[in-house]
Number of protein chains: 2
Amino acid sequence: MTVIEPVRWSGDHLVLLDQTRLPREETSREYRKWEDVAEAIRTLVVRGAPAIGVSAAFGMALAARESRAETIDDLLTDLDAASKGLAATRPTAVNLFWALDRVRRVAEAARDQSVADIRQRLLSEAHAILDEDLAANRALGDHGAMLVPSHARILTHCNAGALATAGYGTALGVIRAAHERGKVALVWVDETRPVMQGSRLTAWEMVVEGIPHRLIPDVAAGSVMARGEVDMVITGADRIAANGDTANKIGTYSLAVLAAHHRVPFYVAAPFSTIDPSLASGAQIPIEERDAAEVRRVGAQQTAPSASPVFNPAFDVTPARLIAAIITERGVVRPPYRF
Amino acid sequence: MTVIEPVRWSGDHLVLLDQTRLPREETSREYRKWEDVAEAIRTLVVRGAPAIGVSAAFGMALAARESRAETIDDLLTDLDAASKGLAATRPTAVNLFWALDRVRRVAEAARDQSVADIRQRLLSEAHAILDEDLAANRALGDHGAMLVPSHARILTHCNAGALATAGYGTALGVIRAAHERGKVALVWVDETRPVMQGSRLTAWEMVVEGIPHRLIPDVAAGSVMARGEVDMVITGADRIAANGDTANKIGTYSLAVLAAHHRVPFYVAAPFSTIDPSLASGAQIPIEERDAAEVRRVGAQQTAPSASPVFNPAFDVTPARLIAAIITERGVVRPPYRF
């Protein structure tokens, strides 16, 4: 198996695989400042809820290294600024806030240590978040693979793969685990306009791993279901409310409605770090709206009149009633969901 | 009102507005050979079921002009070749075959005329098809406008506009007529991957006419409906079977399912030339599959691995049970449909 590492630490800096360049080229970039990590998250060099969380944790470790603070209070002030800056990049994926909180709590708890110790602890914590995410993906992959029938034709949207996590993936983690067990006949890959994470990232992962797949325009998913050629749909998640309502890439909700219409089970795969029990329902999940330019142009080419207003929400919310199960590292959770 | 003329005759040649160049530039091209008209249909210089039919009729008129036949039999042989060549361009839109049949019947019926007379008759017939399409659009626009509530927020897919017809449009004909009556609050324009007829053509028509609109990625349509911001969906059609099942641009079927789920009425607008009573149901409608390159690249830029197989159906079939009404030039037809 090829190892895909979207986020890794190398000696004294963070290395991100530049996902905006895939599948044309595999370029890695080095990060030594938290501000640059924030920019990488904002510009989608790294994306996917768990991968954003891991990157933000390393961003905090970098902030601690960069800081010239000589007292704990000064260091905590600097960390606070970094945390705010990293948190301001993208509003929907809760893993970002979860990872920032976790790292900040470690710093707070170490108030009686030396500045040098805290720096080391934050880096260790970021490594722990990365390792735990990888382990969670493997575990949820194993749980999810049990839901996959033989000769399964699985449809997925966006990229909830190795590239969206510390490696291995959530929705694609389930697909990888099922593929290792010889159960996958075909993966239908939604191209996922406007940012094309399906074409650029998921199809690339499928090629790298030799998993049989077929790329479709998002608008063809309903047709493929109507032809009886989809046995299950699996997507990742950016935030799951206490009642199971799930925010994920725009288009996920439509897929869930289409799946219900065709009696195809619709699954969400996500680690517990994606669950936000503080929100009662999906109505409270903030939905990021991205730049009109993503929709007005196709690649480098303008396709719509500049005078045309655009609505470009990056995510939508799928109500829990449309979700057959949520696949987590602790097992498969069935409705009614109570997180 | 600006007049948009996608297809027009000028003295001794056909003029097509090159729709592959919109919205960046308004370029017209001249056609003097039926083979070049066939190529224009194949490469989407002209597209939209009614506009394809009108163009093919003029293609036959050009074939008659080009022909060096001195006898009726030789002319009919040449026309037969042209008809076969034009028919082989795109399989789904029935208006193409309807227009070719109609022109061929005129030639057959004129067997006792001179070759010069037949040439003239074919050109007149092509003009008649164009004029009738324009009149049909106006009439169906009037009928359809009555279905549009005040302050309507209407979602449409692909381009069933002036550009898809002899002018005015089918789905956009209804929207134009409703706009003339002050009923349109907003048109949601689906961008319509992979060929982007929504962004490139429908948004351009909305700008040209000053109709309030907002462009969305196709994947956002479900979300916009869930927010309660769509009062009706209207699309065109490429072929309607005797039972009302309707082939239209890929993604139309998903919209119809989503509309049903959100209790939003889903309408089809099309002239009778789009109805194919020879087919009992939509299952018999041939669906064109287009080149993988349309999906593997975005504009000029490759977005998916070349190794990724693609499924790229250009159309899908919406079952009659999901269609609230079919708006034609003879009136609004309600289910059960029996054409």
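Residues numbered from 1 in each chain as written. Chains lettered and ligands numbered in written order. Predicted model: local features only at pLDDT ≥ 70, side-chain atom pairs only at ≥ 80, totals over all residues. Heavy atoms only, no water.

An account of the overall build of chain A is needed here, citing residue identities and associated values.
In terms of regular secondary structure, chain A is built from ten helices and 16 strands. Relative to the compact-globule value of 20 Å for 339 residues, chain A shows a C-alpha radius of gyration of 20 Å, a close match. Over its C-alpha atoms, taken along the principal directions, chain A stretches across nearly 65 × 50 × 40 Å. The 339 residues of chain A split such that 63% are buried. Of the contacts formed within chain A by residues at least 6 apart in sequence, a portion of 75% connects residues at least 24 apart. About 11800 Å² of surface is accessible on chain A, with carbon and sulfur atoms providing 47% of the total. Across chain A, the mean location of the 37 positive side-chain charges is 5 Å away from that of the 41 negative side-chain charges. (Helix = DSSP H or I, 4+ residues; strand = E, 2+ residues; numbered from the N terminus. Rg over C-alpha atoms; globule rule 2.2 N^0.38 Å. Buried < 20%, exposed > 50% of the residue type's maximum accessible area, 1.4 Å probe, protein only. Contact = heavy atoms within 4.5 Å. Areas by Shrake-Rupley, 256 points an atom, 1.4 Å probe, with all protein chains shown as cover. Lys, Arg positive; Asp, Glu negative; His and termini not counted. Charge placed at Lys NZ, Arg CZ, Asp CG, Glu CD.)

Explain the domain arrangement of chain A to me, and be specific about the residues and the numbers.
All names here are of chain A. Partitioning chain A into structural domains gives domain 1 (7-138) and domain 2 (149-333). Relative to domain 2, the C-alpha centre of domain 1 lies at a distance of 25 Å. Listed as interface residues are 28 residues of domain 1 and, on the opposing side, 34 residues of domain 2. For the pair domain 1 and domain 2, the two sides together bury roughly 2600 Å², of which 56% comes from carbon and sulfur. Considering only the surface of domain 1 that becomes buried against domain 2, Arg 47, Thr 92 and Asn 137 emerge as the three largest contributors, covering 24% of it. The salt bridge involving Glu 288 is made with Arg 90; its shortest N-O contact spans 3.0 Å. Scanning the region where domain 1 abuts domain 2 turns up 15 residue pairs in polar contact (both at pLDDT 80 or more). For the side of domain 1 that touches domain 2, the element with the highest residue contribution is helix H5 (residues 115-145), accounting for six residues. (Domains from an automatic or database assignment. Buried area = accessible area lost by both parts, 1.4 Å probe. Salt bridge = Lys/Arg side-chain N within 4 Å of Asp/Glu carboxyl O. Polar contact = N/O pair within 3.5 Å; in protein donor to acceptor, adjacent residues only side chain to side chain.)

So what's going on with the nonpolar core? Which residues, and what values?
Core analysis: the largest hydrophobic core is formed by 62 residues, its most contacted members being A:Val233 and B:Val233. Setting aside anything within four residues of it in sequence, one finds A:Val233 in contact with A:Leu155, A:Met225, A:Leu255, A:Ala259, A:Val264, A:Pro265, A:Phe266 and A:Tyr267. (Core = buried A, V, L, I, M, F, W, Y, C linked by side-chain atoms within 4.5 Å.)

Could you give an account of the pattern of salt bridges, with specific residues and numbers?
Applying the stated criterion across every chain yields a total of 46 salt bridges over all chains. When the shortest N-O distance is used, the salt bridge between B:Asp80 and B:Lys84 registers 3.4 Å. Taken as a pair, B:Asp80 and B:Lys84 lie in helix H3 (residues 72-87) at a separation of four residues, close to a single helical turn. A relative accessible area of 32% places B:Asp80 in the partly exposed class. Classification of B:Lys84 by relative accessible area gives exposed; the value is 59%. The closest approach of N and O atoms between B:Asp231 and B:Arg153, which form a salt bridge, is 3.0 Å. Within this pair, whereas B:Asp231 is found in the loop between helix H8 (221-226) and strand S7 (232-235), its partner B:Arg153 is found in strand S4 (residues 152-156), the two being separated by 78 residues in sequence. A relative accessible area of 26% places B:Arg153 in the partly exposed class. Each of A:Asp18, A:Arg21, A:Glu25 and A:Arg29 takes part in a single network of salt bridges with overlapping partners.

An account of the interface of chain A and chain B is needed here, citing residue identities and associated values.
Between chain A and chain B, the contact holds 52 residues from the first and 52 residues from the second. Roughly 4300 Å² is buried in total at the junction of chain A and chain B, and carbon and sulfur atoms are behind 66% of that figure. The largest per-residue losses of area from chain A upon contact with chain B belong to A:Leu215, A:Val219 and A:Phe311, which jointly make up 16% of the total buried on that side. Remark: the boundary between chain A and chain B carries two salt bridges. Among the salt bridges present, the one from B:Glu191 reaches A:Arg193, with a minimum N-O distance of 2.6 Å. In this structure, the connection of chain A to chain B is made through 14 residue pairs in polar contact (both at pLDDT 80 or more). At the level of secondary structure, the elements contributing two or more residues to the side of chain A that touches chain B comprise helix H7 (197-209), strand S6 (213-216), helix H8 (221-226), helix H9 (252-261) and strand S13 (301-302) of chain A. Looking at the side of chain A that touches chain B residue by residue, the class counts come to 28 nonpolar, 15 polar and nine charged. (Nonpolar A, V, L, I, M, F, W, Y, C, P; charged D, E, K, R; others polar.)

Can you break down helix H3 (residues 72-87) of chain A residue by residue, with the values?
All names here are of chain A. Over its 16 residues, H3 runs 22 Å from end to end, which matches the ideal 22 Å to within 8%, given 1.5 Å per residue. Listed in full, the buried residues belonging to H3 are Ile 72, Leu 75, Leu 76, Leu 79, Ala 82, Ser 83, Gly 85 and Leu 86. Of the surrounding secondary structure, the elements contacted by the buried residues of H3 are helix H1 (34-42), helix H2 (49-66), helix H4 (94-109) and H5. (Expected span 1.5 Å × (residues − 1).)

Kindly report on the relation of the copies chain A and chain B, identifying the contributing residues and their values.
With an RMSD of 0.0 Å, the fit of chain A onto chain B corresponds to turning through 180° and sliding 0.0 Å along the axis. Between the two chains, the operation in question is that of a two-fold axis. (Least-squares fit on C-alpha atoms with pLDDT ≥ 70 in both.)

Account for the sheet that holds strand S2 (residues 13-17) of chain A, naming residues and giving values.
All names here are of chain A. What the three strands build is an open sheet, ordered S1-S2-S3; its pairing is antiparallel. This sheet does not close on itself; its edge strands, each paired only once, are strand S1 (7-10) and strand S3 (28-31). Taking each pair of neighbouring strands and ignoring which way they run, the sheet shows an average axis angle of 30°. Looking at chain direction, S2 and S3 are connected through four bridges and run antiparallel. By the bridge assignment for S3, Leu 14 is matched with Tyr 31. Its contacts with the sheet put H2 on S1, S2 and S3, and the angle it makes with S1 is roughly 25°. (Pairing = 2+ DSSP bridges. Axes fitted to C-alpha atoms, helices over the stretch in contact; angles between N-to-C directions.)

For the sheet that holds strand S7 (residues 232-235) of chain A, give the residues involved together with the corresponding values.
All names here are of chain A. Read across the open sheet, the seven strands follow the order S6-S5-S4-S7-S10-S15-S16; overall the sheet is mixed. The open sheet has two free edges, formed respectively by S6 and strand S16 (331-333), since each of these has just one partner strand. Taken pair by pair, the neighbouring strands of this sheet meet at an average axis angle of 25°, ignoring direction. As defined by bridge partners, strand S5 (residues 184-190) adjoins S6 across four bridges and the pair is classed as parallel. Residue pairing for S6: Asp 190 is matched across the bridge by Ile 216.

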